[in-house]
Amino acid sequence: MDKLTLDTATKVIAGAEQEAKNIGVSMVISVVDDGGNLIAKHRMDDAWIASIDIAEDKAWTSVALKMPTSNLAEATVPNAELYGLNTTNNGRIVVFGGGIPLLQDGKVVGAIGVSGSAVPDDVKVAEAGVQAFENIK
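Calculation criteria
- Residues numbered from 1 in each chain as written.
- Predicted model: local features only at pLDDT ≥ 70, side-chain atom pairs only at ≥ 80, totals over all residues.
- Heavy atoms only, no water.
- Helix = DSSP H or I, 4+ residues; strand = E, 2+ residues; numbered from the N terminus.
- Rg over C-alpha atoms; globule rule 2.2 N^0.38 Å.
- Buried < 20%, exposed > 50% of the residue type's maximum accessible area, 1.4 Å probe, protein only.
- Contact = heavy atoms within 4.5 Å.
- Areas by Shrake-Rupley, 256 points an atom, 1.4 Å probe, with all protein chains shown as cover.
- Salt bridge = Lys/Arg side-chain N within 4 Å of Asp/Glu carboxyl O.

A. Structural detail: the overall build of the chain. Of the regular secondary structure elements, the chain holds three helices and four strands. Along the chain direction, N to C, the helices and strands of the chain fall in the order α-β-β-α-β-β-α. Relative to its length of 137 residues, the chain is compact, with a C-alpha radius of gyration of 14 Å against a globular reference of 14 Å. Across its three principal axes, the chain shows a C-alpha extent of roughly 40 × 35 × 20 Å. Residues counted as buried form 48% of the 137 residues belonging to the chain. The contacts of the chain with a sequence gap of at least 6 include a subset with a gap of at least 24, amounting to 63%. Of the accessible surface of the chain, which amounts to about 6900 Å², a share of 50% is contributed by carbon and sulfur atoms.

B. A look at the pattern of salt bridges. Considering all chains together, one arrives at eight salt bridges under this definition. Lys-21 is paired through a salt bridge with Glu-17; the nearest N and O atoms lie 3.8 Å apart. Note that Lys-21 and Glu-17 are positioned in helix 1 (residues 6–23) at a spacing of four residues, about one turn of the helix. Since its relative accessible area comes to 51%, Lys-21 is described here as exposed. One network of salt bridges, in which partners are shared, links Lys-41, Glu-56, Asp-57 and Arg-92.

What follows is the structure, encoded as structure tokens:
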């Protein structure tokens, strides 16, 4: 697989959605390609409207910086070396968990972004989407 397809993105979203259902939280789940372009976005019934943009921006951040968004939390607090990073890139950088790159052969081919609950829940649901991706490969 060189590029993520809609079919793959749908399977990633399905894996994440199942985990969101397991923990009882409605979420927004986004998948972007290696250029940060949206492939698919899914808003579960009753998910927060604010999460629509946040989920996509988490995925975008993960692709743009080639890392999980949770890696940015400590480095972006006041007086840390990356403080203010979230104000760059027209405010698209998200500095808390829920965005995780999708890797193939060590290369970032896209990312999943999840929003709609506490950060640990967002991360858990995103990880389920990554696992679904791993199961496809």
